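# Chains, contacts and geometry: an overview
This is what each chain is made of:
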Amino acid sequence: RLRAAVGFAPGARELRAERARARRQWSASASSRWAQEGEDEAAQKRGAERGGLRGWADERDMAAALEMVEREKLRGATRRMNLYEAVNNALQIVLESDPTAIVFGEDVAFGGVFRCSASLREQFGPDRVFNTPLSEQGIVGFGIGYAATGGTAVAEIQFADYIYTAFDQLVNEAAKFRYRSGGEYDVSGLTVRAPCGAVGHGGHYHSQSPEAYFCHTPGLVIVTPREPVRAKGLLLASVRNRNPVLFFEPKALYRASVADVPEGDYELPLGRAELVRPGRDVTLIGWGAQVHTLVAAAQSAQDEFGISCEVIDLMTLAPYDEDFVAKSVRRTGRAIVCHEAPRSAGLGAEITAMIQEACFLSLEAPVSRVCGFDTPFPLVHEEYYVPNKLRVLDAIQDILKY
């Protein structure tokens, strides 16, 4: 099957042309899409301004996308889904709309350990949805090769903790493919999905949050959703983005997070943050499962102490929405960044540095971080390791007292 997928595929030029035709047909027929795929002059201009990354959205695009989602909900064109079902639905749309798309990884053919690819093999056949050997380096390397020929490769790493064996393929090959060829070749069709974060019983090999390692690498786009509507829209946008994307899915939310998800084809723009809860006293910044912790802490702060907290979900971690964060912090004068990964050299440190540079004259207190501790992820002490509502609430009170 691997030889059939690559060795006997049409040449790169023909396959790219076939893929482009399929994408044009999909764009014309999918009435529920909120915008065209960034081929217009304005999108190209935005892309040039952001170092050649095409199609990044502005604040109006995010508002328009979320407005479309709400319209779909009002007219009843939604289905109740949890997060893994939303991912499955997005993968189904990708395979239907793009004839070059393939989905592969360890145990993917029977649905995966979290059922994200359930029934896809039956619908699209074993040549498009298939298992791979237990080799993360091989999975990503194969995806790079297939994407380089013009195909759409959606790879699954069974747990984000095991992505490290593919580190060289991701940071030295996928991230630099376009740069080292002077723009002649790219692997824009590569998306790597990986379940990440705490799950309640995973221990040190099934609970890690490795996003900071990859956010350090130019050329990679890093995305993390917090709930099913965002998961579907962001995954579709990731697969169609013109850059290799790592899509980290908080596995604790696969079944715990449920929402009414539009059944049609839609995208949420990458590179934009979302205002989850408005506030005036302090800005709380997070992503993935931690956004729910921040919302709970913000509600407690309001109910118990009358403190108004603004909550921001970054969604795209690289490149993250610096302007959106800075505007909020200038308004509130205080900021707290929260993530499950260890504190030292985590993404929160980079965001903190950016806030100090961009908002220094507006700050009423030093930027605070609520993170995992600088230890291996513990099994029996997970409830003390992962940032919870009480730790965030303590940070809110401390920063207001400064």
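Residues numbered from 1 in each chain as written. Predicted model: local features only at pLDDT ≥ 70, side-chain atom pairs only at ≥ 80, totals over all residues. Heavy atoms only, no water.

### Brief notes about the nonpolar core
Counted only if it meets this: The term nonpolar core refers to a set of buried residues drawn from Ala, Val, Leu, Ile, Met, Phe, Trp, Tyr and Cys, joined through side-chain atoms within 4.5 Å. Three labels apply to residues, based on accessible area from a 1.4 Å probe with only protein chains included: buried if under 20% of the type maximum, exposed if over 50%, partly exposed otherwise in between. Here a helix means four or more residues in a row that DSSP labels H or I, a strand means two or more in a row labelled E, and each is numbered from the N terminus. In what follows, a contact means two residues having at least one pair of non-hydrogen atoms within 4.5 Å.
Counting 53 residues, the largest nonpolar core has Phe214, Ile222, Phe248, Leu314, Ile351 and Ile355 as its most contacted members. With seven residues, the top contributor of residues to this core is helix H7 (residues 136–148). Excluding its chain neighbours within four sequence positions, the residues that come into contact with Phe214 are Ile163, Phe167, Leu170, Val171, Leu220, Ile222, Leu246 and Phe248. Within the second largest apolar cluster, 45 residues are counted, among which are Ala101, Phe247, Val261 and Met315.

### Brief notes about the pattern of salt bridges
This is how the line gets drawn: Each salt bridge in this description consists of a side-chain nitrogen of Lys or Arg and a carboxyl oxygen of Asp or Glu lying within 4 Å of one another.
This model, assessed by the stated rule, comprises 14 salt bridges. Two residues, Asp260 and Arg80, come together in a salt bridge whose shortest N-O distance is 3.3 Å. Of this pair, Asp260 sits in strand E8 (residues 258–262) while Arg80 sits in strand E1 (residues 78–82), and the two are 180 residues apart along the sequence. For Asp260, a relative accessible area of 33% puts it in the partly exposed group. One salt bridge in this structure joins Arg240 and Glu267, with 3.4 Å as the shortest N-O distance. Taken together, the positions of Arg240 in helix H11 (residues 228–240) and Glu267 in the loop between E8 and strand E9 (274–277) put the pair 27 residues apart, joining distant regions of the chain. The exposure class of Glu267 is buried, given its relative accessible area of 11%.

### Quick look at unusual backbone geometry
Note the cis peptide between Ala318 and Pro319, where omega equals -5°. Among the structural elements, Pro319 can be located in the loop between strand E12 (316–318) and helix H13 (322–332). One non-glycine residue with positive phi stands out, namely Asp107, at about 70°. By the element assignment, Asp107 lies in the loop between strand E2 (101–105) and helix H6 (120–124). Backbone geometry places Ala345, a non-glycine residue, at a positive phi of 60°. Mapped onto the elements of the fold, Ala345 is located in the loop between strand E13 (335–342) and helix H14 (347–359).

### Quick look at the environment of Ala395
For Ala395, the position within the fold is in helix H16 (residues 389–401). On the basis of relative accessible area, Ala395 is assigned to the buried category, the value being 8%. When residues no more than four places from it in sequence are discounted, the contact partners of Ala395 are Ile336, Ser368 and Val370.

### Observations regarding the layout of surface pockets
Formally: Cavities and pockets are defined on a 1 Å grid built over the protein atoms alone: a cavity is a set of grid points where a 1.4 Å probe fits but cannot escape, while a pocket is an open set with protein on both sides within 12 Å along at least five of seven lines, and lining residues are those with an atom within 4 Å of any such point. Grid points are joined across faces, edges and corners, and a volume is the space filled by probe spheres set on the points. Each residue is assigned to one of three groups, with Ala, Val, Leu, Ile, Met, Phe, Trp, Tyr, Cys and Pro labelled nonpolar, Asp, Glu, Lys and Arg labelled charged, and all others, Gly among them, labelled polar.
Approximately 580 Å³ is the volume found for the largest pocket. For the largest pocket, the lining is made up of 27 residues, of which Ala212, Tyr213, Ala345, Gly346 and Leu347 are closest to its centre. If you list the elements that add at least two residues to the lining of the largest pocket, you get helix H10 (211–215), E12, E13 and H14. Each residue belonging to the lining of the largest pocket can be placed in one class, and the counts come to 16 nonpolar, eight polar and three charged.

### Details of empty space enclosed by the protein
Under the criterion given, the structure shown has two cavities of 30 Å³ or more. Cys196, Ser209, Trp287, Ala289 and Glu340 are, among the 15 residues lining the largest cavity, the residues nearest its centre.

### Some details on the environment of Phe159
When you line up the elements, Phe159 lands in the loop between strand E4 (152–156) and helix H8 (167–174). Owing to a relative accessible area of 13%, Phe159 belongs among the buried residues under this scheme. Distance in space between the C-alpha atoms of Phe159 and Ser207 is 8.4 Å, their sequence separation being 48 residues. Dropping the residues within four chain positions of it, Phe159 is found in contact with Val113, Phe114, Pro195, His206 and Lys251.

### Structural notes on the packing of helix H5 (residues 83–97) against H11
Geometrically, a packed helix pair is captured by the angle between its two axes and the distance between the axes. Stated formally: To get an axis, a line is fitted to the C-alpha atoms, and for a helix only the part in contact is used. The angle between two axes follows their N-to-C directions and goes from 0 to 180 degrees. By definition in this entry, angles of less than 35 degrees are roughly parallel, angles greater than 145 are roughly antiparallel, angles of 65 to 115 are roughly perpendicular, and the rest are oblique. Crossings are assigned a handedness: left-handed for a near helix turned anticlockwise from the far helix by less than a right angle, right-handed for a clockwise turn.
H11 packs onto H5 with a crossing angle of 30° between their chain directions and a minimal axis gap of 8 Å. With respect to H11, the element H5 is oriented roughly parallel. For the pair H5 and H11, the crossing hand works out as right-handed. From H5, Leu83, Ala86, Val87, Asn89, Ala90, Leu91, Ile93, Val94 and Ser97 reach across to H11, where they touch Pro228, Ala231, Lys232, Leu235, Leu236, Val239 and Arg240. Residue classes in the contact of H5 with H11 are distributed as twelve nonpolar, two polar and two charged.

### Here's the deal with the sheet that holds E9
This is how it is decided: Paired strands, as defined in this entry, are two strands with at least two bridges between them according to DSSP.
The sheet built from five strands is open, its strands ordered E9-E11-E10-E13-E14 with mixed pairing. Two strands lie at the open edges of the sheet, namely E9 and strand E14 (368–372), each paired on one side alone. Strand after strand, the sheet turns through a mean of 25° between neighbouring axes, direction not considered. Pairing between strand E10 (residues 282–286) and E13: three bridges, direction parallel. Bridging across to E13, Leu284 finds its partner in Ile336. Those strands touched by H14 are E10, E13 and E14, and its axis lies near 160° from that of E13.

Nothing here speaks to function; it is geometry throughout.
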